Structure formats: C-alpha cells, structure tokens
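Residues per chain, in single letters:
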There are 2 protein chains.
Amino acid sequence: MPTIEEVAKAAGVSVATVSRVLNNGQVSPKTRILVENAIRELNYEPNMLGRNLRRSESRMILTMIPNISNPFYSVIVEGIEDAARKNGYNILLCNTEADVEREKIYLDLLKQKLADGIITMEPAIDIDVLKEVGKRYPVVQCCEYSEKINIPYIAIDNVTAAYKATKHLLTIGHKKIALINSDEKFMYARQRKEGYIKALQEFDIPVNEDWIVNAGLSFESGQRMMKYLLSLKDKPSAVFAVSDILAIGALKTIKDEGLKVPQDIGVVGFDNIQFANMMNPTLTTIEQPRYQMGVEAAEMLIKRIKDKKQKVENVILDHQLIIRESTMEY
Amino acid sequence: MPTIEEVAKAAGVSVATVSRVLNNGQVSPKTRILVENAIRELNYEPNMLGRNLRRSESRMILTMIPNISNPFYSVIVEGIEDAARKNGYNILLCNTEADVEREKIYLDLLKQKLADGIITMEPAIDIDVLKEVGKRYPVVQCCEYSEKINIPYIAIDNVTAAYKATKHLLTIGHKKIALINSDEKFMYARQRKEGYIKALQEFDIPVNEDWIVNAGLSFESGQRMMKYLLSLKDKPSAVFAVSDILAIGALKTIKDEGLKVPQDIGVVGFDNIQFANMMNPTLTTIEQPRYQMGVEAAEMLIKRIKDKKQKVENVILDHQLIIRESTMEY
DNA sequence: TTGAAAGCGCTAACAG
DNA sequence: CTGTTAGCGCTTTCAA
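Residues numbered from 1 in each chain as written. Chains lettered and ligands numbered in written order. Predicted model: local features only at pLDDT ≥ 70, side-chain atom pairs only at ≥ 80, totals over all residues. Heavy atoms only, no water.

Chemist: How would you sum up the interface of chain A and chain B? Please name residues and give values.
Modeler: Facing the 56 residues of chain A at the interface are 57 residues of chain B. Carbon and sulfur atoms make up 60% of the area that chain A and chain B hide from each other, which totals about 4,900 Å². Linking chain A to chain B there are 4 salt bridges. Ionic pairing is found between R102(A) and D82(B), a salt bridge with its closest N-O pair at 2.9 Å. Viewed at the interface, chain B and chain A are joined by 18 residue pairs in polar contact (both at pLDDT 80 or more). Looking at the side of chain A that touches chain B element by element, the count peaks at 8 residues for helix α5 (residues 71-86) of chain A. For the side of chain A that touches chain B, the class distribution of residues is 25 nonpolar, 16 polar and 15 charged. (Contact = heavy atoms within 4.5 Å. Buried area = accessible area lost by both parts, 1.4 Å probe. Salt bridge = Lys/Arg side-chain N within 4 Å of Asp/Glu carboxyl O. Polar contact = N/O pair within 3.5 Å; in protein donor to acceptor, adjacent residues only side chain to side chain. Helix = DSSP H or I, 4+ residues; strand = E, 2+ residues; numbered from the N terminus. Nonpolar A, V, L, I, M, F, W, Y, C, P; charged D, E, K, R; others polar.)

Chemist: Give a detailed account of the packing of helix α4 (residues 48-55) of chain A against helix α4 (residues 48-55) of chain B, specifying residues and quantitative values.
Modeler: Following both chains from N to C, one finds α4(A) and α4(B) inclined at 150°, their axes separated by 9 Å at the closest point. Here α4(B) runs roughly antiparallel to α4(A), going by the angle between their axes. Two packed elements cross with a definite hand, and for α4(A) against α4(B) that hand is left-handed. Across the interface between the two elements, L49(A), G50(A), N52(A) and L53(A) from α4(A) touch L49(B), G50(B), N52(B) and L53(B) from α4(B). In terms of residue class, the contact of α4(A) with α4(B) is made up of 4 nonpolar, 4 polar and no charged. (Axes fitted to C-alpha atoms, helices over the stretch in contact; angles between N-to-C directions. Parallel < 35°, antiparallel > 145°, perpendicular 65-115°, else oblique. Left-handed = near helix turned anticlockwise from the far one by under 90°.)

Chemist: Go over the relation of the copies chain A and chain B, please, and point to the residues and values.
Modeler: Least-squares fitting of chain A to chain B yields an RMSD of 0.1 Å, with the transformation described by 0.0 Å of translation along the axis and a rotation of 180°. Both copies are brought into coincidence by an operation consistent with a two-fold rotation axis. Rotation axis and chain A: the residue whose C-alpha lies nearest the axis is L92(A), separated from it by 2.5 Å. Both copies present the same face, since 100% of the interface residues in chain A are matched by interface residues at the equivalent positions in chain B. (Least-squares fit on C-alpha atoms with pLDDT ≥ 70 in both.)

Chemist: Can you lay out the protein's contact with DNA strand D for me, pointing to particular residues and giving the numbers?
Modeler: Surrounding DNA strand D, one finds 25 residues, the nearest of these being I4(A), Y44(A), R54(A), R20(B) and T31(B). Here, DNA strand D places atoms within 4 Å of the protein, and 59% of those atoms are sugar or phosphate. At 2.6 Å from a phosphate oxygen of DNA strand D is found a side-chain nitrogen or oxygen belonging to T17(B). Measuring from a phosphate oxygen of DNA strand D, one finds a side-chain N or O atom of T31(B) at 2.3 Å. Broken down by secondary-structure element, the contributors of at least two residues to the surface near DNA strand D are α2 (15-22) and α4 of chain A together with α2 (15-22) and α4 of chain B. Here the residues of the surface near DNA strand D are counted per class, giving 9 nonpolar, 10 polar and 6 charged. (Near = heavy atom within 4 Å.)

Chemist: Can you explain the sheet that holds strand β8 (residues 238-241) of chain B? Please cite residues and give values.
Modeler: As a general point, the strands of a sheet are linked pairwise by backbone hydrogen bonds and lie either parallel or antiparallel. Residue and element names in this part refer to chain B. Taking strand neighbours across the sheet as the criterion, the 4 strands line up as β7-β6-β8-β9 in an open arrangement whose pairing is parallel. What marks the edges here is a single partner per strand, and that holds for β7 (212-215) and β9 (266-268). With strand direction ignored, the average angle separating the axes of adjacent strands in the sheet is 20°. Judged from the 4 bridges that link them, strand β6 (residues 177-182) and β7 form a sheet pairing that is parallel. By the bridge assignment for β7, L179 is matched with I212. Sitting on the sheet, helix α8 (residues 158-171) touches β6, β8 and β9, and the angle it makes with β8 is about 170°. (Pairing = 2+ DSSP bridges.)

Chemist: Requested: an account of unusual backbone geometry, with residues and values cited.
Modeler: Residue P281(A) follows N280(A) across a cis peptide bond; omega there is 0°. Following V261(B), the chain continues into P262(B) via a peptide bond in cis, with omega recorded as 10°. Of note, P262(B) is situated in the loop between α11 (244-256) and β9. Backbone geometry at K113(A) places phi at a positive 70°, although glycine is not the residue there. For K113(A), the location among the structural elements is in the loop between α6 (100-111) and β3 (117-120). K113(A) gets classed as partly exposed once you look at its relative accessible area, which sits at 26%. (Buried < 20%, exposed > 50% of the residue type's maximum accessible area, 1.4 Å probe, protein only.)

Chemist: So, the domain arrangement of chain A: which residues are in play, and what are the values?
Modeler: According to the domain assignment, chain A consists of domain 1 (4-46), domain 2 (60-155 + 290-317) and domain 3 (158-288). Taking only C-alpha atoms into account, the centre of domain 1 of chain A sits 37 Å from that of domain 2 of chain A. (Domains from an automatic or database assignment.)

Chemist: Any details on the pairing of strand β5 (residues 153-156) of chain B? Residues and values, ideally.
Modeler: Residue and element names in this part refer to chain B. Neither face of β5 is exposed, since Y153 and A155 on one face and I154 and I156 on the opposite face are all buried. Taken together, the 2 bridges between strand β4 (residues 139-142) and β5 define a ladder with parallel strand orientation. Counted as the bridge partner of Q141 is Y153 from β5. Across 3 bridges, the pairing between β5 and strand β11 (residues 315-317) is parallel. Residue pairing across strands places A155 opposite I316, the latter belonging to β11.

Chemist: Provide a residue-level description of the layout of surface pockets, including the pertinent values.
Modeler: There is about 1,000 Å³ of room inside the largest pocket. Around the largest pocket, the lining comprises 47 residues; the ones closest to its centre are Y73(B), E122(B), F186(B), Y188(B) and L217(B). For the lining of the largest pocket, the secondary-structure elements that each account for two or more residues are α5 of chain A together with α5 (71-86), β5, α9 (187-202) and α10 (219-231) of chain B. Split by residue class, the lining of the largest pocket holds 24 nonpolar, 11 polar and 12 charged. In this structure, the second largest pocket is lined by 17 residues; those nearest its centre are K255(A), K260(A), N280(A), K255(B) and K260(B). Looking at the lining of the second largest pocket, its residues break down into 6 nonpolar, 6 polar and 5 charged. (1 Å grid on protein atoms, 1.4 Å probe; cavity = no way out; pocket = protein on both sides within 12 Å on 5 of 7 lines; lining within 4 Å. Points joined across faces, edges and corners; volume = space filled by probe spheres on them.)

Chemist: Let's hear about the packing of aromatic side chains: which residues, and what values?
Modeler: Taken as a whole, this structure holds 9 aromatic pairs over all chains when the rule is applied. Plain terms: the ring middles of Y145(A) and Y153(A) are 3.6 Å apart, the flat faces sit at 15° to each other, and that makes the pair stacked. Note on F72(B) and Y73(B): the rings are 5.1 Å apart at their centroids and 70° apart in plane angle, and the pair reads as edge-to-face. The two residues F72(B) and Y73(B) agree in class, both being buried. Here the basic side chain of K198(B) rests over the ring of Y163(B), its NZ or CZ set 4.7 Å away from the ring centre. (Phe/Tyr/Trp six-rings, centres within 6.5 Å; stacked < 30°, edge-to-face > 60°. Lys NZ or Arg CZ within 6 Å of the ring centre and 35° of its normal.)

Chemist: Run through the protein's contact with DNA strand C, naming residues and quoting values.
Modeler: Around DNA strand C sit 24 residues, and of these R20(A), T31(A), I4(B), Y44(B) and R54(B) come closest. Atoms of DNA strand C within 4 Å of the protein belong to the sugar or the phosphate in 61% of instances, the rest to bases. I4(B) has a polar backbone atom sitting 2.4 Å from a phosphate oxygen of DNA strand C. At 4 residues, the largest contribution of residues to the surface near DNA strand C is made by α4(B). Of the residues that constitute the surface near DNA strand C, the class distribution is 8 nonpolar, 10 polar and 6 charged.

Right under this line is the structure:
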C-alpha cells in the first residue's frame, strides 16, 4: 500500500499538497491534476489510522443494541447506518444483551478513542453513569430514554400511541381490555400504561388491576402472560401488548387454548415488526418510524460530535395505528 | 484524557516502561505497581488511535451482512461479535442490502486500514473480485460460499440437510413434494436442490419440474410461489422451502386459501429462526448452528489476520432436522 | 500556491 | 530491567 509520501514523490510535490488535494484544500488546478493522476496510478487510498490519530477522531459511532436478534432494532440500525455512512461515519456494533458489564466495556471504547459518540437504545446501565458519560461524550438516546439526564432523545409519543391502540379496541366494542406491559423500569412502559388508562377513563371503564400484567420482552413472556389472563375467572375480551413479540406470544397461547382471534379475543401489538404482517391472523399494531428514528439519531449524534456545545433538542416522531385482522370488528 | 507520557511522568518512569506494563512486557514488580498506580490515579486508558497507527492494525472485523433485518443473520452476528470481542476485536457493521456498490465501498475500508479482515455471508459482488480481495486481505466466507476462490468457509452440509428434510416428508407418506428454492446463483440453493432430488430418487419418485420453483428470499416470494403451486392442476401435498421466511410465506398463503397445515399440506422450512417456533402451526425446519458458525468464522478470520500464511481449512458444522407441527403425520 | 517541519499517542529496536 | 529515540501516516501551522 502506497503512502502519502510516495504519492507526493510520484507527483513531484510535497506531502502537504497531496493532503490538500485529499481534503479539498487550496491547490492550483494544474497541481491538483498532477496529484490526482499519481493517486490513480498508485491506486492510493489514505490510511485512516494516520488521519484518525492526527485528527484525534475515529469516525465511528458506537451503537448499543440490547438484542440484535430482536427485529424491532434491526430497522433502526439500518437507519443509523445509512445516515452515518452518508456522513462518513461507520458503525461499531455492540450487542449488549441488556448486560451492564458488557455495556461498560463498550463505553470504554469512547475513552480509548475508538468511537466518537454513542447511540443507546435501551441502556441497562445505571442512569447516573449514563448521565456522566453524557457530560463527557456525545450521546443520543433512541426510543427508550430518560428525561432527567440532559441527553437528547428520539422517540415517539408513547402515551398517545397506547391511547390510540386502546381506544381502537374500545371503539370496536371491547370493554374488558388487558394490558401486557413490559417492565415498568422502562419509561416507555410507564407511558404506554398511562395511555391505556387514559383511554379506559375516557370510556368510563374502571381499570382492572388483574388485567395489567408485567412481562419480560420475549415471546415466551407473552405466552405466559396470556396463559395467566385466560386462567382468570373474569377473562378479558381483548389484549393490548406493548410489543409485537409479546402479542405474537399471546396469539400463540390463545390459539393453543382453542380460542379464536379476533372472534374470541382481540389482540393489538406495538412496533409493527415485519412479522406482524406474517401472522395468522395478521396483527393490529402501532407503527413506529424505526428507520427514520435511526436516521435522526445518527444525524443528531453527528451534529453533537462536530459541535460539542450543541443545545439539546429532542425529536418526537409520528406513529400510526395499523389495523389488521387481529382486531377486525367482531 | 491523559496520555502515556503523563502517566510516565506521574510514575517517574519512561513511556517505554508504561507501554511495557500495558502490554505485559518485562517490568520489575516494583515499577509495575508504580505504573499501575499512576494509571489508576489518572484514570488512564490507552489511546487506540496511537496504538493502531503504530501497529498498523485496526482490530476491526468487517462483517458484511446482506440484510440485518433477516433474523437468520442476526444470530450469526452474535457469534461473530462474542468471539471477536474475546480476542480484542470489534465488529464493523456493514449492511449490504445485496448491493454491489455498497459492498465495494465496504471493501475499501480494508485498503483504508479501517478493518483487518472480512467475513462475508452472501457476497453480491463478482466472484473474481472477491477472489482478488482474498489474495490481498484476510477473508472468511460464512454460510454461502464458493469453492473455486481459495477462501476458507464455514458452512453446513446443505445437500444432506435438504436430503433429510425431503426424506422426512417422504417418510410420513408424502409423494408429491414441491421445492421452493431461492436463486440458483447461490451455491446453497444448488446444493439443497441436489439433496431434495437425491431423496426423491431414493424413494423412486420422479422429479416433477413444475414443483420446483425459484423465489427471492422474502416472505412475499414465499406467498407468491405457494400461490402458484396451489394453482396447479396437480397440486403438491407438501412443500420444502429453503428458508423459514419462504416457508412462513407459504404457510400464510395456504391458510389464506382455506387449507390446513399439516392436514392438507405439509411444510418444511430451513434455518430454524426464532419465529419458526412462534407460528401456527409451528414449523418443521433444519437447524443451522448459527451462533457457532459466527464464532468459528470470527476465530478463523482472526487466525488468518495474525498469520497471513495460514493454510485454508474449511469447517462443516452439524445441522439438525427439527420436527414440529407443520409436518405432523397426517 | 506550495513546502518544511512539528507532532498526534503509541510501540519497539537498541543501548546501557 | 529501563530509558532514549525513531517513526507509523497523516494534517496543519508557519514561512516563503
């Protein structure tokens, strides 16, 4: 691999001039052509290791994904990657498995200068630690966020989204609606519960605590919670699950117990993952603009990397209720 | 951020000694403690930009994933990441979307020294180009591969796997078995077709070309192909699809047309993605040891990075037929 | 418009 | 066992 010096020699100029050509600096047209020819002939590509050290940047964005196998996140990552790449950044993939220790190791990459900033999706780490990291390095929260730590976020209005989902069930006649929520340590879980309650209240339906359950994030959790709900004496006639995966678990249990969706039980999910539309019946859900969220997160982070003193401005993107077979009027 | 020099000063030693401590070189216990204390007090972390330039390595593995939203790949990537991280490498995520231009940009990262090697999953690029890349840089093929280019690969025995899947259908009594294959430009597609034919021949069943269709890789392709198969005068009684996503598409069409699985039509997929077990009915499929494939690919690549003259040795991992509801005896 | 030269932070050869 | 020093490839003053 040729270095900048060899290019300079071949073109009969100094390395400074080659560098200027590389970075669109002030160079006379004639010299520029000379240098460009040399670059082409030697098939030269700048060594980023040298550039990065000199500039003291890595042009890497650390993307902390709780679980890369969760199809909810993959589309966000696509958006992040496309936006990053467009701005000359690469993505460092960090699958956290919601493990605090792993996250800590990843955060060290910032100190080691291997990443210029981070996008978090669902930090497992202590919120105060994250706050400290946010003071020293560019950080953006994507989807799940905390408002108290002065780190900008991209999200949707979870309260309204959950409100719409629940209201949809109410509108088609359901009065007994269960909520399969995830852990309420998550902001989004608290917000979605709030929206759910808001809708019930609007329809003068009392909240039945038996019908509000907290699950993990897995398919199996969804199954388990649904099994519990169906074991109740007073069974719900519909379920709103805060993720499609949970809803798909619920769907499976309902069918396994010989009941029919939507005739016996209506089901609404959340996220609109690809599989929501592959199920039988297809799943009514809330569409989150995941690709766009990724794009905005990356762009916001890059802005912050370039100008550390950027003011924190959060972004709330639109969501959408998508009605499918699992809540066809009954 | 303190540099190695500041640590040296604080510890009262030279930078070389600090470097030795950092890299487990020869240092007297006393000095080592001195240095370690200084490191701790200053909260020092080595700047990898400096180290990487000096060593002329990036400790990054470029992972070219055709489609990050395809759950088949995500588990492989988990394996790659874990194994890489264990060896001090990070993963550069590159979503190719099966786009040749994107792949080319990613390959440039090697020249730019931003990655030390590549793992390809399903290269869209011209095989000769890949061969050239393989001559100059460490490359490992994972899953889909070409044998002619002298680049090592990790894969399963696709012929035998497809043979087993088909034989299973034959064993439970099916005689009219369709094959929903993907594009035969892929080695694995040709191999799986071979296994399918081999099983039929073993049971003295003639191959019916009408029942062999080539689809894309999407759910929609699966639906479309199944629709075609059901439109035939002489319909198959079972389908072997070369991916779970295709099989899930087929499942959906079959149900939409009012038929039942497995009673009317048996379905076998391939890959054992998480969702195969969430469907209704659950999907019989071939399990590929995806995590392990990722681990082996990463380890093999790292070996090649460390010793460029490593001899090419391919790895074939075990697969397994997993029988579920979609082929319960009928 | 161009070149000379310093230096980013680190490692490793060499000398002691 | 430890220190001195060159230099990885690049960018960026500064001076011409």
